[in-house]
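Listed here are the chains, written in short residue letters.
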Amino acid sequence: MQIGPYTLKNNLILAPMAGITDHPFRELCRQFGAGLAVSEMVASNPSLQKHRRTLQKSDYTSESGLRSIQILGTDPQHMADAARLNQQRGAQIIDINMGCPAKKVCSVAAGSALLKNEDLVKKILDAVVNAVDIPVTLKIRTGWDTENKNALKIAEIAEQSGIAALTIHGRTRACKFKGSAEYNTIKQVKQSINIPVIANGDISCPEKARQVLNFTGADAIMIGRAAQGKPWIFNEINQALKNSKSYKNPTIKEIQLIINNHLEHLYSFYGKLSGVRIARKHIGWYFDNLGTVPATCKKEIYQTVDPALQMALVNSVFSNTEFVFKK
Ligand SMILES: Cc1cc2nc3c(=O)[nH]c(=O)nc-3n(C[C@H](O)[C@H](O)[C@H](O)COP(=O)(O)O)c2cc1C
C-alpha cells in the first residue's frame, strides 16, 4: 500500500478515534502490527491551536512510525493553515476528516456534514493539498443519508484535487453507528478512481478482513473499535491474511504485560492524574475482551486516582480471576 512516497509495511490501518488514538495507543497498535496509525482529529480553528489539549495531540515527537495527522474544519483557509502548521510540527501525512458524525462536529457542518456541500469539499481539498508538500488523505462516509450517497462524486473530486488515498466508512452520516456497514459503495468507488482506497467499518476479525478486501478490491482496510482493548488484532489479521498457521494471540500473562506497559505510557504521557482517568476506559476494553472480571474489582479500579494503586488493582485481578477469552 502506497501513500504518496510512503510504502506501508502492510495494508492494515488504525482508524482515527477522538479520545482514543492518542500517542500511547498509536504506538501500541504499531507495535502490534498496524501499518499506519492515524492520529485523533486536531481542530483547524486558529483559536484552538495553542489550547493545551491541541498541543498535546500535536506532540508527534518520539513517534516510531509514519505520522499521519487528522485535521477537522470547515474553512478552507483555516484547514490549509492547520495543515501547514502540522507539517511544521512533524506530520508526514495530513488526513482530512469528512467522516465524523458527532453532533458537536456536524452542528458546525464539519466532519461528515461537509459531504452535503460538494463545492466546499472541493475548496477545502484544493486548499489543503496546495498548502503542503506532503501527501493529503481524505476520510469520508458513503454520503449524507441513504437517499444521498455521494461517495462516488466526492471520490472523483478527491482524485482531481490530488488526494493521495481515500478512506470510506461504509455508513452514511445519518446512520451514525447504527446497523451494519455496507461495502457496495466502497467497491464502486474503488472501481471508479485510480488512487488507493481504504475500506472501513465493522472489521473485527480476520474472516471479515478477508471478505471486505476481496469484495471491495480495496487497497487496505482500516480498523477502529475492534482495536480497543485488543491492539494485537493487527498481528492477528495480518498473519491470517498471509495464511500463517503459527500465529497465536497473546497469552493472559502477555496481555497483563501489554496492559501494564500501556498504563505506564499513559501515566508518563499525560501525567499521573489525567493518565489514571484516561486509562480507565482502556482497562474497561481490555477487561471486556477477557472473560469475567467481577464488577466490584472494576469499580475500585475506575474510582482510584492513584496510578500505583490502579496498576496494583489491575494486576490483582489477573492473579485472582480465571479469564476465558470471548469468541
Ligand atoms: C469513539 C470514536 C471516535 C471517533 N473519532 C473519529 C475521528 O476523530 N475522526 C474520524 O475520521 N473518525 C472517527 N471515528 C470513526 C472511526 O474512525 C471509524 O470510521 C468508525 O469507528 C468505523 O470503523 P470501525 O467499525 O472499525 O470502528 C470515531 C469512532 C469512534 C468509535
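Residues numbered from 1 in each chain as written. Predicted model: local features only at pLDDT ≥ 70, side-chain atom pairs only at ≥ 80, totals over all residues. Heavy atoms only, no water.

1. What about the packing of helix α6 (residues 151-161) against helix α7 (residues 184-192)?
Across the interface, α6 lies against α7 with an axial gap of 9 Å and an inter-helix angle of 35°. Along this stretch, α6 crosses α7, giving a crossing that reads as right-handed. Contact with α6, carried on its side by Ala 151, Leu 152, Ala 155 and Glu 159, involves Thr 185, Gln 188, Val 189 and Ser 192 of α7 and no other residues of that element. Among the residues making up the contact of α6 with α7, the classes are represented as 4 nonpolar, 3 polar and 1 charged. (Axes fitted to C-alpha atoms, helices over the stretch in contact; angles between N-to-C directions. Helix = DSSP H or I, 4+ residues; strand = E, 2+ residues; numbered from the N terminus. Left-handed = near helix turned anticlockwise from the far one by under 90°. Contact = heavy atoms within 4.5 Å. Nonpolar A, V, L, I, M, F, W, Y, C, P; charged D, E, K, R; others polar.)

2. Remarks on the sheet that holds strand β10 (residues 220-223)
Overall, parallel pairing links the 8 strands, which are arranged β3-β4-β5-β6-β7-β8-β9-β10 in a closed barrel. Neighbour to neighbour, the strand axes of the sheet diverge by 25° on average, direction disregarded. As judged from the 4 bridges shared by strand β4 (residues 36-43) and strand β5 (residues 68-72), these two strands associate in the parallel manner. Residue pairing across strands places Met 41 opposite Gln 70, the latter belonging to β5. Docked against the sheet, helix α1 (residues 23-31) engages β3 (12-14) and β4, running at close to 165° with respect to β4. Each of β8 (165-169) and β9 (197-200) is contacted by α7, which is oriented at about 180° to β9, the strand it contacts most. (Pairing = 2+ DSSP bridges.)

3. So, the site of the ligand
Neighbouring the ligand are 17 residues; Pro 16, Gln 70, Asn 200, Asp 202 and Arg 225 lie closest to it. A distance of 2.9 Å separates a nitrogen atom of the ligand from a polar backbone atom of Ala 18. In the model, an oxygen atom of the ligand is placed 2.8 Å from a nitrogen or oxygen of the Lys 139 side chain. Coverage of the ligand by the protein chains reaches 89% of its 600 Å² of free accessible surface. (Near = heavy atom within 4 Å. Polar contact = N/O pair within 3.5 Å; in protein donor to acceptor, adjacent residues only side chain to side chain. Areas by Shrake-Rupley, 256 points an atom, 1.4 Å probe, with all protein chains shown as cover.)

4. Concerning the pairing of β4
Counting buried residues in β4 gives 7 out of 8 residues, a clear majority hidden from the surface. One ladder, built from 2 bridges, connects β3 with β4; its direction is parallel. In the sheet register, Leu 14 faces β4, and the bridge partner there is Ala 37. (Buried < 20%, exposed > 50% of the residue type's maximum accessible area, 1.4 Å probe, protein only.)

5. As for the side chain of Arg 171
In this fold, Arg 171 is placed in the loop between β8 and α7. Note on Arg 171: relative accessible area 3%, which makes it buried. Within polar-contact distance, the side chain of Arg 171 engages the backbone oxygen of Lys 178 at 3.1 Å. When neighbours within four sequence positions are excluded, Arg 171 is seen to be in contact with Arg 141, Thr 142, Gly 143, Lys 176, Phe 177, Lys 178, Gly 179, Ser 180, Ala 181, Asp 202 and Arg 225.

6. Looking at the pairing of β9
Across a regular strand the side chains alternate sides, sitting on one face of the sheet and then on the other. Residues Val 197 and Ala 199 line one face of β9 and the alternating positions Ile 198 and Asn 200 line the opposite face, and both faces are buried. In this sheet, β9 lies alongside β8 in parallel orientation, the contact comprising 4 bridges. Bridge pairing in β9 links Ile 168 to Ala 199. With α7 bridging β8 and the parallel β9, this β-α-β connection has right-handed handedness. Relative to β10, β9 runs parallel, the two sharing 3 bridges. When the bridges of β10 are listed, Asn 200 appears paired with Met 222. The parallel pair β9 and β10, bridged by helix α8 (residues 206-216), forms a crossover whose chirality is right-handed. (Right-handed = clockwise from strand over helix to strand, strands pointing away.)

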